[in-house]
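Topology and contacts: notes
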Amino acid sequence: MTIRIGDEAPDFTASSTEGPLHFHEWIGDSWAILFSHPKDFTPVCTTELGYMAKLKPEFDKRNTKILGLSVDPVSNHKAWAADIQETQGHAVNYPMIGDEDLKVAKLYDMLHPNASGGARTAVDNATVRSVFIIGPDKKVKAMLVYPMSAGRNFDEVLRLLDSLQLNAKHTVATPVNWKPGEDVIIPTSVSDEEAQRKYPDGFKTLKPYLRTVAQPK
């Protein structure tokens, strides 16, 4: 199946390093980051998993849960976690799915639909390099897909999450390279009259379709 932004994130049950996991139930009323890896004991992913462990307190502040996925068994994940802590300085502190049968990878369109489970190499699983940001309503809010050769920028995932959560709360858009605390954009769906009521301290009109205002608190 093809997943698009705005679709309901497919639900599933899977084995994880923290026990059986029912995805929608696990999300609860939180946001969630589901991010995948082609294989355990791969170099780029080792750095990514360690950095996500480092960032976890920031995601916790944003009511966001982290869930990793690899197509190797959970027993391998636990052995890999020791390497991650040793080389990256941060222990994996979130669940990792063991997707041996590729059920979740196929459900989220991370692999070719004809891909099979069993002994596979990292090259076979090259497309399993996805990030999904999912809201408390279980809808997909954003997706990122990277090639195997390029480590993902999880600072950008955190920035994107901030933008999505700001939009969910205040119905504003964020401009290019926006960072928390900077001015935001008033969507064109909001009239000037509505904007004046919503932002009594004023806003800037650069063009009729481009209006900026201080980030709402």
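Higher on the page you've got the structure.
This one's a predicted model, so the numbers in the text were calculated from it and none came from an experiment.

1. Quick look at the sheet that holds strand 6 (residues 130–134)
- Spatially, 5-4-3-6-7 is the arrangement adopted by the 5 strands of the open sheet, whose pairing is mixed. Both outer strands of the open sheet, strand 5 (96–98) and strand 7 (140–145), are each paired with one neighbouring strand and no more. Mean inter-strand twist for the sheet, computed between neighbouring axes without regard to direction, equals 20°.
- Of the strand pairs in this sheet, strand 6 and strand 7 are connected by 5 bridges, and their pairing is antiparallel. Directly across from S130, in strand 7, lies its bridge partner V145.
- Across the sheet, helix 2 (residues 43–61) is in contact with strand 3 (31–37), strand 4 (64–70) and strand 5; its angle to strand 3 comes to roughly 175°.

2. Section: the sheet that holds strand 8 (residues 184–186)
- Read across the open sheet, the 3 strands follow the order 8-10-9; overall the sheet is antiparallel. Each of the sheet's edge strands pairs with one partner strand only, and the pair in question is strand 8 and strand 9 (204–207). Within the sheet, the average angular offset between the axes of one strand and its neighbour, ignoring direction, is 40°.
- Two elements, strand 9 and strand 10 (residues 210–213), share 3 bridges in a ladder whose sense is antiparallel.

3. Observations concerning the pattern of salt bridges
- Considering all chains together, one arrives at 10 salt bridges under this definition.
- When the shortest N-O distance is used, the salt bridge between D162 and R62 registers 2.6 Å. Here D162, found in helix 5 (residues 154–170), pairs with R62, found in the loop between helix 2 and strand 4; they are 100 residues apart in sequence, far enough to count as distant. Across the pair, exposure class does not vary: D162 and R62 are buried alike.

4. A word on the packing of aromatic side chains
- Enumeration according to the criterion identifies 8 aromatic pairs in this entry.
- Ring plane angle 15° and centroid distance 4.6 Å describe the contact between F12 and F23, whose orientation is recorded as stacked. Placement of F12 in the segment before strand 1 (13–14) and of F23 in helix 1 (residues 23–27) is noted, with a sequence separation of 11 residues between them. No difference in accessibility class separates F12 from F23, as the two residues are buried.
- Note on F41 and W80: the rings are 6.3 Å apart at their centroids and 40° apart in plane angle, and the pair reads as tilted. Placement of F41 in the loop between strand 3 and helix 2 and of W80 in helix 3 (residues 74–88) is noted, with a sequence separation of 39 residues between them.
- The class of F41 is partly exposed, set by a relative accessible area of 44%.
- Of the aromatic side chains, those joined through ring pairs into one cluster are F12, F23, W26, Y108 and F132.

Basis of the calculations
- Residues numbered from 1 in each chain as written.
- Predicted model: local features only at pLDDT ≥ 70, side-chain atom pairs only at ≥ 80, totals over all residues.
- Heavy atoms only, no water.
- Pairing = 2+ DSSP bridges.
- Helix = DSSP H or I, 4+ residues; strand = E, 2+ residues; numbered from the N terminus.
- Axes fitted to C-alpha atoms, helices over the stretch in contact; angles between N-to-C directions.
- Contact = heavy atoms within 4.5 Å.
- Salt bridge = Lys/Arg side-chain N within 4 Å of Asp/Glu carboxyl O.
- Buried < 20%, exposed > 50% of the residue type's maximum accessible area, 1.4 Å probe, protein only.
- Phe/Tyr/Trp six-rings, centres within 6.5 Å; stacked < 30°, edge-to-face > 60°.

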